[in-house]
Each structure stands twice: as C-alpha cells, then as structure tokens.
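# Inside the fold
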There are 2 protein chains.
Amino acid sequence: MHRFHKLDKMTSTRCAVCKYFRRRCPPDCIFAPYFPNDNPQRFTCVHRFYGASNIGKMLEEMPVQLRADAVESLYYEAKCRIQDPVYGCVGIITSLHRQIQIAQSQLAKAQAEISFLDANFVGVEPTSSLSESLVQQNGVEHDLDDPFSTWFY
Amino acid sequence: MHRFHKLDKMTSTRCAVCKYFRRRCPPDCIFAPYFPNDNPQRFTCVHRFYGASNIGKMLEEMPVQLRADAVESLYYEAKCRIQDPVYGCVGIITSLHRQIQIAQSQLAKAQAEISFLDANFVGVEPTSSLSESLVQQNGVEHDLDDPFSTWFY
C-alpha cells in the first residue's frame, strides 16, 4: 500500500520528459521547469527534431535565466518544421525578406512622389522639415539583420 | 596489400556522415548526396543540434527532389543556433518582423504626406493616378506570413 502511494506521487510530479522516458524525475531535473507534466505535446514536438539529449546539452550550456526563452524558440522552430518539413523557419525568413523588399520599393516610390509634389507645392509654408525627417527615417535597408554574408536562396 | 587498397577506396568514397561514424557508406546512403566527404563541418554542425538519426528520418519522409533544400534549411538553422544559442532563427524572425513594422509605419507617414501635398497641389495635371496606384500597392500588412495565430513574443 505504501509502495503504491509512493509510485503515485512520483508519477504525478515528474515532468513531461521524465514521464516520456518512464524514469524518476529528480528534484534538480533540467527539463522540469520548461516541460510541465500537463503539456506532453510540447516535449514530443521538440523531441521529434532535436532529441531530448541535444536539448539537455543546449540547456546545460546556457545561463538558467535564458533557458525558458531557448526552449520557447526551439518549440517555435519545431512547430515550423512540422508545418513546413522542407524549409521550416527558413521559409518564414525568406517570406519576411521578400516583404521587406516590397515595403522598401513602395517607400522609394512614395519618396519619389513626395519629391515631385514638393517641387510643385504652392500652398502654405514649404513642408521641407516634414519631408526631410521622413527621408532621414527611411533607413530600413541598413537595419537588415542577416547573420550570414550570403542569403540562403 | 589488396586489403589496404580496398580500405583506401572505401574511406575515400564514403560520405561525411559515414566517415564521422566510421562505417561503410552504402551505394544508396541517404546522407551521401547532401553531406559530401569534402565538407565534414556541414554535418557536424547539423548533427550537434538535430542528430544524424533525426535528420535521416526527416529525409526519408520527404520526396528526393526536396531533400537538398531541406538539408540546406537545417544547416542554416543550425548555424543560426550556433550564433545565437538562445533564440536561433527565431531571433532573426523577430528582428525582421520589427523591420516590417518600421517600414509600414514609414509608409503610412509617407502616404499622409502625399495626401497633404496632393490636396495642396497646383502645377501640372492632377497626379491622382500616381497617388492612387501607390495606395493600392501598399498592402504590406496583408502579406504577413505568420503560420501561428500568436507571435512568439
């Protein structure tokens, strides 16, 4: 009777990772804070692509306060890979790069339109300050944050 | 002498994955086309995060013509994770989303400026066609391609 009670307690308190591997969940389990018992799908999703061992290694190598964010980003990447098995997250990055290119092109056209209208403007005082501040702010192309010198495709 | 010759041949033709695991590389090796012998770093990079077994499973589950792209995207994600162990690719996605928001805000300002200048325009013929086509093209916010209903953070 006592043994059953102990087993029940162990089962109910172990994290999703230890539950998956049917093992005891130690008090200092590296997975427990990020893979709670009530969300087993979260672990199976990242485990499918990275494997528990690799996730454990990654977590061990970083400060405790950053681990929750790291698991969140791995979970996000894994969900992307499920949705798009070939391109995963990289498909989203490619799409966002295209959107920035479109926005930059639209902005360049708008600036040309403003310059044209500005040159033919006769009404109240010249709007040079407004137009100039706009041109100064339009530095989107310098903000591109690509960690590699060449883009994926 | 004959044995050495055979061993040499096997060693020189096996792919980076089979070389890493010190095993014979079969003629139908699933890794060989994507992990050539002359670039072992490419495999060690993806192996560190995904593991050879998971990569093999992913490749098996997709058509042959898409496998090269899949390996390329996994390699890209792995390089991102090396550079940014906490956020990986997701850090880039967040940064690109911010850039699109900035570009959208700049575009909205430019449109307001155009509307103002247009209303006070006296010069050649009205530029309604130019301005209208610009407004029609400015649909960046509808192009956002986020596969999940809520954004990461």
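A few points on the structure. (Residues numbered from 1 in each chain as written. Chains lettered and ligands numbered in written order. Predicted model: local features only at pLDDT ≥ 70, side-chain atom pairs only at ≥ 80, totals over all residues. Heavy atoms only, no water.)

Below, the discussion takes up the pattern of salt bridges. Proximity of charged atoms lets side chains of opposite charge pair with each other. Enumeration over the complete set of coordinates arrives at four salt bridges over all chains. Measuring nitrogen to oxygen at the nearest pair gives 3.3 Å for the salt bridge that ties Arg42(A) to Glu72(A). Pair noted here: Arg42(A) is in helix α3 (residues 40–49) and Glu72(A) is in helix α5 (residues 64–83), with a separation of 30 residues, a long-range link. In this structure Glu72(A) comes out as partly exposed when scored by relative accessible area, which is 30%. Glu77(A) serves as the salt-bridge partner of Arg81(B), at 3.0 Å between the closest nitrogen and oxygen. With Arg81(B) in helix α5 (residues 64–83) and Glu77(A) in helix α5, the pair connects residues from two separate chains. Neither Arg81(B) nor Glu77(A) differs from the other in exposure class; each is buried. (Salt bridge = Lys/Arg side-chain N within 4 Å of Asp/Glu carboxyl O. Helix = DSSP H or I, 4+ residues; strand = E, 2+ residues; numbered from the N terminus. Buried < 20%, exposed > 50% of the residue type's maximum accessible area, 1.4 Å probe, protein only.)

Residue and element names in this part refer to chain B. At their nearest, the axes of helix α3 (residues 40–49) and α5 sit 9 Å apart, and the two run at 70° to each other. Looking at the two axes, α3 sits roughly perpendicular to α5. Contacts from Gln41, Arg42, Cys45, Val46, Arg48 and Phe49 in α3 reach Val71, Glu72, Leu74, Tyr75, Ala78, Lys79, Arg81 and Ile82 in α5. Split into classes, the residues belonging to the contact of α3 with α5 amount to eight nonpolar, one polar and five charged. (Axes fitted to C-alpha atoms, helices over the stretch in contact; angles between N-to-C directions. Parallel < 35°, antiparallel > 145°, perpendicular 65-115°, else oblique. Contact = heavy atoms within 4.5 Å. Nonpolar A, V, L, I, M, F, W, Y, C, P; charged D, E, K, R; others polar.)

Here the structure, examined in full by the defined rule, presents 11 aromatic pairs over all chains. Between Tyr20(A) and Phe43(A), the ring centres sit 5.3 Å apart and the planes meet at 75°, which makes this aromatic pair edge-to-face. Here Tyr20(A) is found in helix α2 (residues 16–20), whereas its partner Phe43(A) is found in helix α3, with 23 residues between them in sequence. Of the residues examined, Phe43(A) reaches a relative accessible area of 1% and is grouped as buried. Taking 6.3 Å as the distance between ring centres and 55° as the angle between the ring planes, the aromatic pair formed by Phe31(B) and Phe35(B) counts as tilted. Comparing Phe31(B) with Phe35(B) shows no difference in burial state: the two are buried. One aromatic cluster is present, formed by Tyr20(A), Phe21(A), Phe31(A), Phe35(A) and Phe43(A) through successive ring pairs. (Phe/Tyr/Trp six-rings, centres within 6.5 Å; stacked < 30°, edge-to-face > 60°.)

Turning to the environment of Arg24(B), a few remarks are in order. For Arg24(B), the position within the fold is in the loop between α2 (16–20) and α3. Sequence-wise, Arg24(B) and Lys79(B) are 55 residues apart; in three dimensions their C-alpha atoms are separated by 28 Å.

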